[in-house]
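Per-entry structural report
Here is what each chain is made of, one letter per residue.
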Amino acid sequence: MNIPENRPNPDQLLDKIRDEERRAARGALKIFFGSCAGVGKTYAMLSAGHQRLLEGVDVVAGVVETHGRAETKKLLEGMPIVPLTEFNHRGIALKEFNIDAAISRRPKIILIDELAHTNAPGSRHLKRWQDVDELLNLGIDVYTTVNVQHLESLSDLVVGTTGVWVKETVPDSVFDSADDIVLVDINADELLKRLHDGKVYIAESARANAADNFFKKSNLIALRELALRRTTERVDAQMDAYNTHEGKRGFVPIADKVLVCIGPDRLSEKLVRTAKRMAASLKAPWTAIYIENARHYRLSEEGKKAVESHVSMVERLGGKALILQGTNAVDEIIEYALTNGVTKIVLGKPERPHWKDVLFGSLANKIIHRSNYMDVYVVTGEPSVKGPLKLTSELFVFKPRLYLRSLAIIIICTLIGISLRPILKPADQMLIYLIGNVIVSASLGSAPSFMYAILSAACLNFFFIEPLYTLEIYDRSYWMTLIVMLSTSLVINSYASKLRLQAIFSRKRERETQTLYAFTREIAAIRGHKKIVEVAAQHIKDATGSDIVVYLPDKSGDLHALAGEFPYRDIIKENGLMQWCYDHVKPAGIGTDTMPSAETFYIPLVAADYKLGVLGVIPQNEDKKFSGEQIHLIETFASLLSSAIERANSAETTEQLSVDAESEKLRNVLLSSISHDLRTPLASITGASSSIVMDGESLPRETIRDLGRSINEEASRLSRIVTNMLDVMSLESGTVNPNTQPYYIEEIIGSALLRMEPHMAGHTIITKAMPDLPVLMIDGVLIEQLISNLLENAVKYTPSDSIITIEAKRDSSNILVNVSDNGPGIKPGDEKKIFDKFYVGGKNIGRKGTGLGLAICQGIITAHNGTIWVENLPEGGASFNFTLPLTV
């Protein structure tokens, strides 16, 4: 049955469905793209937003940078605006996009200017494009702007062109994922006029500085060219993706793309050079492909090395080399060409007798017949380079034992036939020989099975066709039997050999797939750079049998080994090569053009927008080299390792941002709390002392004594605040080591009550202690402070006629102490937060302290390996409990 060539590919249909589901759930990204500031990107974005508003769409402005331009400000009139959020960074108020407010508002479209912007410290994300990505994942459409110099892949070109290094960049993956790109373009002269008229920068000094540096006509022309080219590439990629998505394989591309087919023969070098020259003249991208099928496994080592050499040559000349796996070379070539919009195919001229082309057809003729809109160039070589390489594989090397096994099977089949000769006809015996032929072809290879076919035909004639025991044939009808048997045997031999090679090919792919799957599954379940690198090193070593060196940069950018080490003496040479690989983001060492005499193959670990490190692989085989298949596997491992390291980096960055945000929040709370608590006693001290200084001679002695008492009390209060702060810092830093001595807990409680007696007037104190409590090994001073803080806390947050109870008892291997009261209790949900530094909202009575006392309590208990917690009592009031372990 003939299957139409345009039948939809099931995998492509599945990808199409998944892509449609993803697009339905994700918002659309529209980028207004320009060559530099002032071309009108923000103006175009706002205009498009107003147009959608007129259509009844819910559009809001998330963040728009007008830079004081009157025309841009006017477009903001009448458009809903998400209020910005403010961050206090080192005393400077910074306004940023309020992503939480935008998510809460949840418009259909939101306008976000300057995609490459770096957010202020304390923001949820480091970059604004990450804010945009979160909005898109929530199904919100985003209109945004970006300049060409902010694209990561073009940053080095921009530096070389303008001499200005752009720090804020956007990964190209973000740009390429956009659903729509709008190029906002004006020529250099018009842009310079806009700059002169103050429509780019308002301040005169800014205009003069820009005109003297970045805004030179040569720079503007170069940036405009970059923007136009990048837009063209994006549109071309969108066209390819659309046709692939819609299953249109026969579309005619707008831009030229060159494809060259290479193999192990010597003509491939000329084909590569021809394709390179053709692509250069057309200013088109070019790709070389090699089809790895069953024939590949019939290649000798010389042939396989020739393929690797040709692939390296393609990459050296700036092309893209691909190794495609498939059973039919013509199908794979045509499929790739149609899918990727190839316009020109370069092939080598057939190098075999003409009669074979007539009978079986040549690769060139088959591709020309199916080339559709594509131009096919057939290249011939000089006589000295047209001869094919000797491509005999080890699978076909003469092995006597295989031929002996084949002969043994012939003998067995013959003996079976002779024993059954009275009841079998020659045609029946032929079937027995064919069964043996299947066994030989499937298990022993082509050459033994060919020998089997010839000898089995001879045995059939000699032992089973009249006259017996001669090779003569009286009945001419048996000639047809022998011909059918021999032909069938040869066909079985051919297909069985292909199936055998295909099985080898499939097993190899299966092993690689299982290896990579195991690596991916294990590496996805672990966290931390060191663990990731160690797991990767072990998997790569198991797969390649090689020693591994993995280097990652520290904060200063210096590379350090996280797994493996150099087993050589020439460490300086290897370190220099490894650093070169990292700096230039190119492979180096064995099998490359950079120091091929080195003992290690280095491959850079890169992510979408930055360098991650270097993977070094040291071969342990006899010739100290890697095959092309091994290098391909190592490159795959390196790619997976890079993704895992990038994931770990992102996790660390997110964690650090969270820590920074919490630190900033804590700093603000600290300033707010301390400024209030310090200002109050200082104000009292200042007021009382100034009264004594100004009116001391006229004031009664009793009044002066009262003022002095007030100064003393407020100074003591101020001292407690500072002491508490120092205590918290010491406990958190771990510099406080308890000076443990034997104490009875009743003694500590008594000392704390005596210390707090002046502050507990009006409160009823009840103490309870279980008889015969054992001695504790504790720091008596710290535990006394702990109980004093709990008593002070109870006094502050309960009415003056409240009852405060202190109870101590033994609880299994601990001493349990609780300080309870019959006051208003703790707000539900504050049980854990109440021990945080500067937290003062935990009580219903109100704010009366700095929020440090309970934090100190928790630090003291932690230093004693105990626990502390708070709970509300059923009858009302709060109970603070802590345990101290017994040391018997």
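In this report, we go over the structure that sits alongside the text. (Residues numbered from 1 in each chain as written. Predicted model: local features only at pLDDT ≥ 70, side-chain atom pairs only at ≥ 80, totals over all residues. Heavy atoms only, no water.)

With that settled, consider a nonpolar patch on the surface. On the surface, L404, L407, I411, L415 and L455 cluster together into a nonpolar patch covering about 450 Å² of accessible area. With 4 residues, helix 17 (residues 400-419) is the single largest residue contributor to the nonpolar patch. Taking relative accessible area as the criterion, I411 reaches 45% and is therefore assigned partly exposed. (Patch = residues over 30% accessible without salt bridge, like charges linked within 9 Å, V, L, I, M, F, W, Y side chains within 5 Å. Areas by Shrake-Rupley, 256 points an atom, 1.4 Å probe, with all protein chains shown as cover. Salt bridge = Lys/Arg side-chain N within 4 Å of Asp/Glu carboxyl O. Helix = DSSP H or I, 4+ residues; strand = E, 2+ residues; numbered from the N terminus. Buried < 20%, exposed > 50% of the residue type's maximum accessible area, 1.4 Å probe, protein only.)

Let us now look at the nonpolar core. Judged by nonpolar contacts, the single largest core of 54 residues is most densely connected at I31, F33, I110 and L135. Listed in part, the 39 residues of the second largest apolar core include I749, L773, L782 and V795. (Core = buried A, V, L, I, M, F, W, Y, C linked by side-chain atoms within 4.5 Å.)

Our focus in this paragraph is the packing of aromatic side chains. Considering all chains together, one arrives at 8 aromatic pairs under this definition. Relative to F463, the ring of F462 lies with its centre 5.0 Å away and its plane at 80 degrees, an arrangement referred to as edge-to-face. Residue classification places F463 among the partly exposed positions, given a relative accessible area of 21%. With 5.2 Å between their ring centres and 70 degrees between their planes, F519 and F637 make a pair best called edge-to-face. A residue pair is termed long-range when its members are at least 10 positions apart, and F519 in helix 20 (residues 477-524) and F637 in helix 23 (residues 628-695) qualify at 118 residues. Each member of the pair, F519 as well as F637, is classed as buried. Within the aromatic cluster, the residues linked to one another by ring pairs are Y433, F462, F463, F464 and Y469. Here the guanidinium or amino end of K30 rests over the ring plane of Y143, the centre of that ring lying 5.2 Å away. The ring of Y582 has K611 sitting right over it, with the charged end atom 4.6 Å from the ring centre. (Phe/Tyr/Trp six-rings, centres within 6.5 Å; stacked < 30°, edge-to-face > 60°. Lys NZ or Arg CZ within 6 Å of the ring centre and 35° of its normal.)

All right, on to the sheet that holds strand 24 (residues 878-885) then. Strand pairing in a sheet relies on backbone hydrogen bonds. The paired strands run either parallel or antiparallel. If you trace the 5 strands from one edge of the open sheet to the other, you get 19-21-22-24-23, paired in mixed fashion. The open sheet has two free edges, formed respectively by strand 19 (764-769) and strand 23 (867-872), since each of these has just one partner strand. Across the sheet, the mean angle separating the axes of adjacent strands is 15 degrees when strand polarity is ignored. Both strand 22 (residues 814-821) and strand 24 contribute to a ladder of 7 bridges, which runs antiparallel. Bridged to V817 within strand 24 is F882. Contacting strand 21 (803-811), strand 22, strand 23 and strand 24, helix 26 (residues 780-796) runs over the sheet at an angle of about 175 degrees to strand 24. (Pairing = 2+ DSSP bridges. Axes fitted to C-alpha atoms, helices over the stretch in contact; angles between N-to-C directions. Contact = heavy atoms within 4.5 Å.)

It is the contact of helix 11 (residues 267-282) with helix 12 (residues 301-316), at a shortest axis distance of 10 Å, that shows an interaxial angle of 15 degrees. With respect to helix 12, the element helix 11 is oriented roughly parallel. In this structure, helix 11 meets helix 12 at a crossing whose hand is right-handed. The residues of helix 12 that touch helix 11, namely those facing S268, E269, V272 and R273, are H310, M313 and V314. In terms of residue class, the contact of helix 11 with helix 12 is built from 3 nonpolar, 2 polar and 2 charged. (Parallel < 35°, antiparallel > 145°, perpendicular 65-115°, else oblique. Left-handed = near helix turned anticlockwise from the far one by under 90°. Nonpolar A, V, L, I, M, F, W, Y, C, P; charged D, E, K, R; others polar.)

So, about the environment of I416. As for its position among the elements, I416 is in helix 17. Linking I416 and Q429, residues 13 residues apart in sequence, is a C-alpha distance of 8.9 Å.

Moving on, we come to helix 18 (residues 426-444). Compared with an ideal rise of 1.5 Å per residue, which puts 19 residues at 27 Å, helix 18 spans 26 Å between its outermost C-alpha atoms and is within 8% of the ideal. Residues of helix 18 that are buried: P426, Q429, M430, I432, Y433, L434, G436, N437, V440, S441 and L444. Just beyond helix 18, the residue with positive phi is G445, at close to 110 degrees. (Expected span 1.5 Å × (residues − 1).)

Here we come to the sheet that holds strand 7 (residues 180-184). Taken in spatial order, the 5 strands line up as 2-5-6-1-7 in an open sheet, and their pairing is parallel. The two strands at the open ends of the sheet, each matched to only one other strand, are strand 2 (59-63) and strand 7. Each adjacent strand pair in this sheet contributes to an overall mean axis angle of 20 degrees, direction not counted. Sheet topology note: the strand 2/strand 5 (residues 109-112) ladder contains 4 bridges and is parallel. Bridging from a neighbouring strand, A61 pairs with L111 of strand 5. Each of strand 1 (29-34), strand 2, strand 5, strand 6 (141-147) and strand 7 touches helix 2 (residues 41-54); the most contacted strand, strand 6, lies at about 165 degrees to it. Of the strands in this sheet, strand 1, strand 2, strand 5 and strand 6 touch helix 5 (residues 128-137), which is tilted by about 175 degrees from strand 5.

Turning to the packing of helix 17 against helix 18, a few remarks are in order. Where helix 17 contacts helix 18, the two axes come as close as 10 Å, and the packing angle between them is 160 degrees. Relative to helix 18, the element helix 17 is oriented roughly antiparallel. As helix 17 runs across helix 18, the sense of the crossing is right-handed. Every residue of helix 18 that contacts helix 17 at L402, R405, S406, I409, I410, C413, T414, I416 and G417 is listed here: Q429, I432, Y433, G436, I439, V440 and L444. A per-class count over the contact of helix 17 with helix 18 returns 10 nonpolar, 5 polar and 1 charged.

Evaluated as defined, the whole model comprises 15 salt bridges. In this structure, the salt-bridge partner of D375 is K344, at a minimum N-O distance of 3.0 Å. Separated by 31 residues along the polypeptide, D375 in strand 12 (residues 375-379) and K344 in strand 11 (residues 344-348) bring together distant segments of the chain. Between K796 and E792 there is a salt bridge, with its nearest N and O atoms 3.6 Å apart. Of the two residues, K796 and E792 both sit in helix 26, 4 residues apart, roughly one turn of that helix. Relative accessible area serves as the criterion here: at 25%, E792 is assigned to the partly exposed category. Salt bridges sharing partners connect three or more residues here, namely D100, R124 and E134.

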